[in-house]
Amino acid sequence: MSNEAVEVMEMEVDNGDENKERGNWGSKMDFLLSTIGYAVGLGNVWRFPYLTFRNGGGAFLIPYFTMLLLAGLPIFFLEVSFGQYCSQGPITAWRSVPMLRGVGYGMILTNYFVGISYNVIITYSLYYLFSSFTLDLPWIGCDHYWNTPLCRGAFDLCTANNDSIVLNATYEGKCTNIANLTNDEFNIYNISQNADGTYDLSMYSDPIAGLRKSPSEEYWKNRVLQEADNMNETGGIILELAGTLALSWLIVFLCLIRGIKSSGKVVYFTAIFPYVVLVILLVRGVTLPGASKGIQFFITPDWPRVAEPKVWLDAATQIFYSLSAAWGGLLTLASYNKFKNNCYLDSMVVPAINCATSLLAGFVIFSIVGFMANELGVEVEDVADGGFGLAFIAYPEAVARLFPSTLWAILFFLMLITLGLDSQFTIIESVVTAICDEFPETLRKRKMFVTLGACILGFICGLACVTHTGPYWASLLDSYSTTFSVLLFAISECIGLGWIYGIKRFTNDIRCMVGNGAVDFFFFRWWQLLWTSITPAILFFIVMFNWLNWVEPSYNGPYPVWARAIGWLITTSAVVWIPVVMVYEFFRNSGSLAARWRAMSNPSDEWGPALQIHRNEAWEVHKEHGTSMGGLLALPGGLGMQYTPGPDNQGYENTGYET
């Protein structure tokens, strides 16, 4: 009996891992939920709704779905297919095009930078969750030690007995007894005295209404962040936040302790629970007074806005980052699939669910925003916000007005935590997988310790984000770590696989996994056109538009010069690996310029499917359809022969190995 037949029998008997050395997902659902959890993140809840109302309401969906088809889906499908075919992480996957291995290094650094800041968001959510286990939510009212005279409720507290008023901004909102006012001040504030000695305040209004801050904003700024006035005032570590930061990293480590085997089970809760909460919040939200006004504001199209280039740029950027494409995470998750998994179908289903989730979140958020506008007597646009402003200021204030407020607060922050954890699992798994795949003999069996080291280092680096200047650092990491790098990685993937590796060869790689039917269908040519031309052109336009219209990020004013220098160092430390590795590969190889180019642009000997049975099949598929698999037929260390197309696209090249 041949070795191949024995291997097939062993795979049929064992319903577990196909790849014994590296491991596979426990089931198809493990992969789908992990991918959905990774793609559906905090941006779906706090960024998409805000961008939609800011860019023309329902009209924004036209550029949004157009960019989904032209940029988001192609990169998503490319990465999932790429990772599943070779069963390698973001670095070793570039055995396909060795000169682009720097893309993998850049992806890992970018993931780690984002992972540090992302876990800080989980830290904030954990803090709010623990603070919610009380009958009186701490961000309600203006009578706490962290509140200031500018707190919105301070005006009502001051004037409650009709014997005191708030003075103007000169006195910083000081509450003063009316009896102590001068005659001129009576006239200034439109106060008169009745015959019975009481005061008539009917013509008096809050003189500093425009400077007021909500109780939830003061809780966020003064109690949770304890924020410094500028980035030069570091202060000490906030111990409560440091404790929740440690807890968040501990949760990540425990869920990844067995890699995908453990995280693949955790996602059954973390990926599904947010949908349960969103549906509950939607049902509650649409029944609130003012909800219809908020939803109408969200979906009403402003058609002229569609003609604005900035709207299309926002749509492309949002769909690209929403799908988490070109970060290496999709490649990592797909690398644990079984070889014959239908990655084509997966690449259609997950983005569809992701976009549907964004729309669902939009209805949820704006039903609550409409309610808040109704409660405060202001316009919807005065309440609508995105990012931290929505998650930790506007929404906590909204749930404080619902009954029972404690329950709604717990549900909301649990949802934020699970949304964050799903993405964080893949971010750290991508880093760990890449390192272990780079050094398989020494680190693959010690993967748990690599994960532990990544989490400990992440915690240490994250301590800067829980000082009094922590928000500045978190914003700096978020602003500079992904602005250009991820787009450049995506362009490199399109050029590397579409042009250097070869679109026909890459198509046959996919053919090996999903069969002839899908690949030979005429529509598949559309994917080839996207990968080689349309998608990289759109991404290049986005990069250039961002560069030409670049405005330095800021937080509470411009960053100091030294902070901006650190920001650009973060950006360049990721993308610089692309040219560095190209130069290294050029000088590492010998011979003429043409010989060096062939060596650095052609697949290495190890490239191809991870298992011999699939290499044999891929070899025949490529041979039948006029391309080469690229690597050796037998894995290095074994015996084999390399196939390369001759003038008639047929022929074997004897490499000194035997079959």
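Residues numbered from 1 in each chain as written. Predicted model: local features only at pLDDT ≥ 70, side-chain atom pairs only at ≥ 80, totals over all residues. Heavy atoms only, no water.

**Q** Hey, could you go over the overall build of the protein chain for me, with residue numbers and the actual values?
**A** Along its length, the protein chain carries 29 helices and six strands. For a compact globule of 659 residues, the expected C-alpha radius of gyration is about 26 Å, and the protein chain comes in at 29 Å, within 12% of that figure. The principal-axis extent of the C-alpha atoms belonging to the protein chain is close to 110 × 50 × 50 Å. Scored against the burial criterion, the 659 residues of the protein chain give a buried share of 56%. (Helix = DSSP H or I, 4+ residues; strand = E, 2+ residues; numbered from the N terminus. Rg over C-alpha atoms; globule rule 2.2 N^0.38 Å. Buried < 20%, exposed > 50% of the residue type's maximum accessible area, 1.4 Å probe, protein only.)

**Q** Could you give an account of the state of the cysteines, with specific residues and numbers?
**A** As enumerated under the stated definition, the model contains one disulfide in all. No disulfide involves C343; its nearest neighbouring cysteine sulfur is the one of C512, lying 11 Å away. Classification of C512 by relative accessible area gives buried; the value is 2%. (Disulfide = S-S within 2.5 Å.)

**Q** Tell me about unusual backbone geometry, and name the residues and values.
**A** The residue after F403, namely P404, is reached through a cis peptide bond having omega -5°. With a phi angle near 50°, Q226 is a residue other than glycine that sits in the positive phi range. Mapped onto the elements of the fold, Q226 is located in the loop between helix 9 (215-225) and helix 10 (239-255). Among the residues examined, Q226 registers a relative accessible area of 26% and is labelled partly exposed. Its identity is not glycine, yet A326 carries a phi of approximately 70°, on the positive side. Structurally, the position occupied by A326 is in the loop between helix 14 (309-322) and helix 15 (329-334). Take A326: its relative accessible area is 0%, and that puts it in the buried class.

**Q** Describe the nonpolar core, naming the residues involved and giving the relevant values.
**A** As a rule of thumb, soluble globular proteins bury nonpolar side chains together. In terms of nonpolar packing, the biggest core is built from 182 residues, with Y85, F320, F392 and Y395 touching the most fellow members. No other element matches the 18 residues that helix 18 (residues 405-438) contributes to this core. Sequence-distant contacts of F320, that is, excluding residues within four places in its chain, are made with I75, A325, A326, V486, L487, A490 and L539. Counting 14 residues, the second largest nonpolar core, distinct from the first, contains C158, V166, F186 and Y189. (Core = buried A, V, L, I, M, F, W, Y, C linked by side-chain atoms within 4.5 Å. Contact = heavy atoms within 4.5 Å.)

**Q** Run through the environment of A326, naming residues and quoting values.
**A** Separated by 161 residues in the primary sequence, A326 and I165 place their C-alpha atoms 57 Å from one another. Those residues within four positions of A326 in sequence are excluded, and the remaining contacts are I75, E79, M107, F320, V486, F489, A490 and E493.

**Q** Please provide a residue-by-residue account of the packing of aromatic side chains, values included.
**A** For the coordinates displayed, the defined rule picks out 58 aromatic pairs. With a centroid separation of 5.7 Å and 45° between ring planes, the pair formed by Y85 and W607 is classed as tilted. With a gap of 522 residues between them, Y85 in helix 5 (residues 61-86) and W607 in the loop between helix 28 (593-601) and helix 29 (612-624) connect regions that are remote in the sequence. The residues Y85 and W607 share a single accessibility class, namely buried. (Phe/Tyr/Trp six-rings, centres within 6.5 Å; stacked < 30°, edge-to-face > 60°.)

**Q** Pulling in residues and values, what's your account of the packing of helix 2 (residues 28-39) against helix 11 (residues 260-270)?
**A** With their axes 9 Å apart at the nearest point, helix 2 and helix 11 run at an angle of 60° to one another. The crossing of helix 2 and helix 11 is left-handed. Taking contact as the criterion, the partners of M29, D30, L33 and S34 in helix 2 are, on helix 11, G264, K265, V267 and Y268. For the contact of helix 2 with helix 11, the residue count by class is four nonpolar, two polar and two charged. (Axes fitted to C-alpha atoms, helices over the stretch in contact; angles between N-to-C directions. Left-handed = near helix turned anticlockwise from the far one by under 90°. Nonpolar A, V, L, I, M, F, W, Y, C, P; charged D, E, K, R; others polar.)

**Q** How would you sum up the confidence of the model for the protein chain? Please name residues and give values.
**A** Mean pLDDT for the protein chain: 88, with 93% of residues reaching 70 or above. In this model, residues 1-14 is a region of pLDDT below 50 whose contacts with residues beyond four sequence positions or in other chains number twelve contacts. Below pLDDT 50 for its whole length, residues 638-659 participates in 47 contacts with residues either more than four positions away or in separate chains. (pLDDT = per-residue confidence, 0-100.)

**Q** Explain helix 13 (residues 291-299) to me, and be specific about the residues and the numbers.
**A** If you check which residues of helix 13 are buried, you get A291, G294, I295 and F298. The buried side chains of helix 13 occupy one side of the element, clustering within an arc of 95° when seen end-on. Across helix 13 from its buried face, at more than 90 degrees, point the exposed residues S292 and Q296. Tucked inside the fold, the buried residues of helix 13 contact helix 4 (48-54), helix 12 (273-285) and helix 16 (343-376). (Arc of directions from axis to C-beta.)

**Q** Run through the pattern of salt bridges, naming residues and quoting values.
**A** Applying the stated criterion to the full structure yields 20 salt bridges. Of the charged contacts in the structure, one is a salt bridge between R22 and D437, with a shortest N-O distance of 2.8 Å. Of this pair, R22 sits in the loop between helix 1 (3-13) and helix 2 while D437 sits in helix 18, and the two are 415 residues apart along the sequence. Here the two residues R22 and D437 agree in accessibility, since each one is buried. Here R54 ties to D314 by a salt bridge, and the two come within 2.9 Å at their closest N and O atoms. Taken together, the residues R54 in helix 4 and D314 in helix 14 connect sequence positions 260 residues apart. Taking the relative accessible area as the measure of exposure, R54 reaches 33% and is therefore partly exposed. (Salt bridge = Lys/Arg side-chain N within 4 Å of Asp/Glu carboxyl O.)

**Q** Which residues make up the side chain of S492, and what are the values?
**A** Within the secondary structure, S492 sits in helix 22 (residues 485-500). By relative accessible area, which is 13% here, S492 ends up buried. Not counting residues up to four positions away in its chain, the partners in contact with S492 are W94, L100, V103 and I578.

**Q** I'd love a proper account of a nonpolar patch on the surface, names of residues and values included.
**A** Taken together, the side chains of L250, L254, I257, M448, F449, L452, I456 and I460 define a hydrophobic patch exposed on the protein surface, amounting to about 700 Å² of accessible area. Listing elements by their share of the nonpolar patch, those giving two or more residues are helix 10 and helix 20 (447-462). If you trace the backbone, L254 turns up in helix 10. (Patch = residues over 30% accessible without salt bridge, like charges linked within 9 Å, V, L, I, M, F, W, Y side chains within 5 Å. Areas by Shrake-Rupley, 256 points an atom, 1.4 Å probe, with all protein chains shown as cover.)

**Q** Before we move on, can you summarise helix 26 (residues 561-575) with the specific residues and values?
**A** Residues lying three or four places apart along an α-helix face the same way, a consequence of the helix completing one turn every 3.6 residues. Across its 15 residues, helix 26 extends 21 Å between first and last C-alpha, which sits within 8% of the 21 Å expected from 1.5 Å per residue. The complete set of buried residues in helix 26 reads A563, G567, I570, T571, A574 and V575. Here the buried residues of helix 26 occupy an arc of 125° about the axis, which is enough to place them on one side. Away from its buried face, by an angle of more than 90 degrees, helix 26 presents the exposed residues V561 and L569. Taken together, the buried residues of helix 26 touch helix 6 (101-131), helix 21 (470-481), helix 22 and helix 27 (577-588). (Expected span 1.5 Å × (residues − 1).)

**Q** Residues and numbers for the environment of K338, please.
**A** Along the polypeptide, K338 turns up in the loop between helix 15 and helix 16. Judged by relative accessible area, which is 35%, K338 ranks as partly exposed.

**Q** How would you sum up the side chain of Q84? Please name residues and give values.
**A** Inspection of the secondary structure puts Q84 in helix 5. Among the residues examined, Q84 registers a relative accessible area of 0% and is labelled buried. A distance of 3.2 Å separates the side chain of Q84 from the backbone oxygen of F339, its partner in a polar contact. The contact partners of Q84, leaving out residues within four places of it in the chain, are A334, S335, N337, K338, F339, K340, N341, C343 and M513. (Polar contact = N/O pair within 3.5 Å; in protein donor to acceptor, adjacent residues only side chain to side chain.)

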